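Here is how the chains run, residue by residue.
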Amino acid sequence: MSGGQGYDYIIVGGGSSGSVAAARLVRDHGARVLLLEAGEKADRLLVDMPAGFIKFLKGSPLLTMHTPVPQAALGGRQPVVPQGKALGGSSIVNGMVYIRGQADDYETWDRSTDRAGWSFRHMLPYFTRMEGNQRLGGVMHGVTGPLKVSDHIHKCDLSHAFVAALQNLGMPFNPDFNGGRQTGVGFLQLTTHKGKRCSAYRAFLEPVMTDPVLSQNLVVETGATVARVLFEKDRAVGVDYVRDGKLVTARTDGEVILSAGAYQSPKLLMLSGIGPAAHLKQHGIAVKVDLPGVGENLMDHHEVPIIAATNGAYGYFGEDRGWRMIKNGLQYLLFKSGPVTSNGVEACVFINPDSPNADASIQLYCVPTVYLDRDVSDVEATHGVTLNACLLRPKARGTVRLASADPAALPLIDPNYLGHPDDLRLSIEGLKYSREILTAEPLKGMVTGEIFPGPQHTSDEALAAHCRRTVKTNYHPSGTCKMGADSDPMAVLTPELRVRGVTNLRVIDASMMPAIVSGNTNATALAVGDRAVDLITGTPTLPPVDLPNTVH
C-alpha cells in the first residue's frame, strides 16, 4: 500500500525535535510534511497537570519501558529506562525542567565539528527565539516565544528549607540556572504556563495542526511504526511504515528526517542497512553503509539517592491519595494552584565536589518525598526527603543494538551505568555532599534521621555498593548518532546533521549530541530541531550573539 505522494519532507518521530521541525517547515517554508509518530495524540487532562507525570513513570501507553541488558557494573541489575511515545515525545511525560547546560558543553560540540557553528554563542539565539519566559529577559532569555517557561506556582516547605540550608553551607543563591554560570542553589524553572504543561506538541505542533490553512500541508499519522528508510541508489526517497496492521510506503521529493530519539533513530538506521557492518550481517540485513558509530556513544545522566525521614508533613508524601488527593485536584481544576501545579522537584544545586570554583559536575535535586526506582522497594513510604545526585558529564559510554531484524522488536540498550570508575567516584562524592546538606539548618531541624542507605554506611565501599544498587536514569539518553568532523571515524552525522554515506537523510534529535549537555536535555533537543530547519532549507542560521563575561 502506498501513502500520499509528493511530500517535501518525511519526519519520523513526533517528539521534541520533530515537533519543532514539522511546525517550522510548514509554517515558515510552506513545505508539505508527513509526520509519522508511533504513539498517540496525548490530549488528556493528566498530561497537562504538572504533577501528573509522576503517575506515568509507573507505566503508561504514553511510554515505552525499555529494560536494558544486564548492567555489568551493577551486578546484573536492569533499571528500566522509559521513552516518551506520543505526539510531543518525552516532552509529554517529562519533569518539565528547563535547563540548557553549560556553555562549555556546546564548545565541545563546536570543536568536534571543526567549528561548524555549534558553540553556545551560535545556539543561544535558537533558545531565546522559542522561549516565552515569565520572569527573565535580556540577552540570555526570550519572552515572546511559544515555549512557555515559568517559575513554580507552588513550592513546598522542604524545597525552601533545602535552598536555605545550602546557603548556610556557603553555596551562593543562583536566581537563573540558564543565565550564565550554573553553580549555586536555587529554584528550577519549568516548561509550564499558568499551571499547565507546555509540551513540544502544545507549543509548536498543535497550532499548525489546528490552523485551517497551515494544516493542509501537514499530514500527521499516529500509531505509525516505521520499518525502514527506502533508497534509490544512495538517495533516501521515503519510508515503509506499519499502521493498523498494514504496510504503507510513503515517498518524498525532498528529505527523510529522523527524530525518533536516541534509542529508535539508531535502530531505524540499522534496520535500513546503515550501521556497523558485522552487526547488521548478524541479523541478515544487507549493508548499505558501514557506519561503525551508529548505536555507539550512548550517554545518559544518572542519579543516586540519600533519603531521610522528616518530623512533619513538609513535602508531598500522601498528597496523591485519599482526601488530600481530592482536595488538591479540586484546587487545581478550580484555581490552577496548589501541589498539582508542581512537578515535585522545585529546587536543586549545581556543584563540583572536586573543584568548587570549576563548572558544576553534579546536579543535586531535592525531591520532597521518599523516591526510589521501581526495582528498589525496601524503604517504607513516609514523610521524608530524597536528595538525588545526578552526574552531569558521565564518562562511561553505552550502546544501542538490534535485538532482531523485526521492526516491532525493541532495541537492545546498554547504558553502561557506572562503567567508568570516575562516574562511581563522583556519585559517591554526591552522596557525601547530600549528607552534609542534611546537617544544615533549617533542613536539620526537619529531619529525624537518614533512612537509606542508613548512617552506618560510611565507607567508600559501602557507598559504592549503594550506588550500584540504586543508580537510575535521569531520562536523558543521547549521542547514539553523533555528529562530528570528517576526520572522526565514529561520527554518524556531518555537522549539518546529514547521515554519512547517503543523501537526503538527516537525524535531528538528541542522538546527534557528540557530548551530553550538563542538565535536562529537552530544551536542547528543541533548539537543535529549530536550527536543523535552517540547515535543511538552506536558510542562513541565526547570527551568534556576544555573551556576557559571566557566562561559563
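In this text the structure is predicted, and so the values were computed from the model without any measurement.

Peer 1: How do you make sense of the packing of aromatic side chains when you look at a structure like this?
Peer 2: Any two aromatic rings considered together are summarised by their centre-to-centre distance and by the angle between their planes. Applying the stated rule across the entire model yields six aromatic pairs. When the centroid spacing of 6.5 Å and the interplanar angle of 40° are considered together, the rings of Phe120 and Phe127 count as tilted. In this structure, Lys155 packs its charged tip against the face of Phe187, placed 5.0 Å from the ring centre. Lying across the ring of Tyr332, Lys336 places its NZ or CZ 4.8 Å from the centre.

Peer 1: Looking at this model, I keep getting lost on the sheet that holds strand S5 (residues 131-133). Mind explaining?
Peer 2: Sheet strands line up and pair through hydrogen bonds in the backbone, either parallel or antiparallel. Taken together, the three strands give an open sheet; going across it, the order is S5-S6-S8, and neighbouring strands pair in mixed fashion. The open sheet has two edge strands, S5 and strand S8 (189-190), and neither has a second partner. Each of S5 and strand S6 (147-151) is contacted by helix H5 (residues 120-130), which is oriented at about 60° to S5, the strand it contacts most.

Peer 1: Explain the pattern of salt bridges to me, please; I cannot follow it from the model alone.
Peer 2: Opposite charge on two side chains permits them to pair, given that their charged atoms come into close proximity. All told, the structure shown has 32 salt bridges when counted by the stated rule. With its nearest N and O atoms 3.2 Å apart, the salt bridge here joins Asp48 to Arg202. Residue Asp48 is found in helix H2 (residues 45-48), and its partner Arg202 is found in helix H7 (residues 200-209); the two are separated by 154 residues along the sequence. For Arg202, a relative accessible area of 21% puts it in the partly exposed group. Salt-bridge contacts for Arg435 lead to Glu450; the nearest nitrogen and oxygen are separated by 2.8 Å. Remark: Glu450 occurs in strand S23 (residues 447-452) and Arg435 occurs in helix H11 (residues 421-438); sequence separation between them is 15 residues. Assigned by exposure class, Arg435 and Glu450 land together as buried. Here the salt bridges do not stand alone but share partners, grouping Arg24, Arg27, Asp28, Arg129, Asp530 and Asp534 into one network.

Peer 1: Please clarify how unusual backbone geometry should be interpreted in this entry.
Peer 2: It is generally the case that most residues other than glycine have a negative phi and that most peptide bonds are trans. At the junction of Glu441 and Pro442, the peptide bond is cis and its omega measures out at 5° in the coordinates. The omega angle of the peptide bond from Phe452 to Pro453 is 5°, so this bond is cis rather than trans. When you line up the elements, Pro453 lands in the loop between S23 and helix H13 (460-470). Even without being a glycine, Asn416 presents a positive backbone phi close to 60°. Inspection of the secondary structure puts Asn416 in the loop between strand S22 (412-414) and H11.

Peer 1: Sorry if this is basic, but what is going on with the environment of Lys336 here?
Peer 2: Among the structural elements, Lys336 can be located in the loop between helix H10 (322-335) and strand S18 (347-351). Of the residues examined, Lys336 reaches a relative accessible area of 28% and is grouped as partly exposed. For the pair Lys336 and Lys196, spaced 140 residues apart in sequence, the C-alpha separation works out to 8.0 Å. In this structure Lys336 touches Ile153, Lys194, Lys196, Gln331 and Thr341, once residues within four positions along its chain are discounted.

Peer 1: Hey, could you run me through the nonpolar core in this one?
Peer 2: The nonpolar side chains of a soluble globular protein tend to be buried, and buried together. The biggest cluster of nonpolar side chains holds 93 residues, and the ones touching the most others in it are Trp109, Val239, Leu269, Ile274, Leu497 and Leu505. Tallying contributions element by element places helix H14 (residues 522-537) first for this core, with eight residues. In contact with Trp109, not counting residues within four places along its chain, are Trp118, Met483, Met512, Met513, Pro514, Ala515, Val517, Thr524 and Val528. Counting 47 residues, the second largest nonpolar core, distinct from the first, contains Met171, Leu364, Ile437 and Leu438.

Peer 1: Looking at this structure, I do not really get a nonpolar patch on the surface. What am I missing?
Peer 2: Together, Leu45, Trp323, Met325, Ile326, Leu330, Leu333, Leu334 and Phe335 make up a nonpolar patch on the protein surface, roughly 890 Å² of accessible area in all. Examining the composition of the nonpolar patch, we find that seven residues originate from one element, H10, more than from any other. Mapped onto the elements of the fold, Phe335 is located in helix H10.

Peer 1: How should I be thinking about the side chain of Ser272 in this particular structure?
Peer 2: Note that Ser272 resides in the loop between helix H8 (261-271) and strand S15 (274-275). The class for Ser272 is buried, based on a relative accessible area of 11%. A distance of 2.8 Å separates a polar side-chain atom of Ser272 from the backbone oxygen of Leu268. Ignoring anything within four residues of it in the chain, the contact list for Ser272 reads Arg228, Val229, Phe231 and Lys288.

What counts, and where the lines are drawn
Residues numbered from 1 in each chain as written. Predicted model: local features only at pLDDT ≥ 70, side-chain atom pairs only at ≥ 80, totals over all residues. Heavy atoms only, no water. Phe/Tyr/Trp six-rings, centres within 6.5 Å; stacked < 30°, edge-to-face > 60°. Lys NZ or Arg CZ within 6 Å of the ring centre and 35° of its normal. Pairing = 2+ DSSP bridges. Helix = DSSP H or I, 4+ residues; strand = E, 2+ residues; numbered from the N terminus. Contact = heavy atoms within 4.5 Å. Axes fitted to C-alpha atoms, helices over the stretch in contact; angles between N-to-C directions. Salt bridge = Lys/Arg side-chain N within 4 Å of Asp/Glu carboxyl O. Buried < 20%, exposed > 50% of the residue type's maximum accessible area, 1.4 Å probe, protein only. Core = buried A, V, L, I, M, F, W, Y, C linked by side-chain atoms within 4.5 Å. Patch = residues over 30% accessible without salt bridge, like charges linked within 9 Å, V, L, I, M, F, W, Y side chains within 5 Å. Areas by Shrake-Rupley, 256 points an atom, 1.4 Å probe, with all protein chains shown as cover. Polar contact = N/O pair within 3.5 Å; in protein donor to acceptor, adjacent residues only side chain to side chain.

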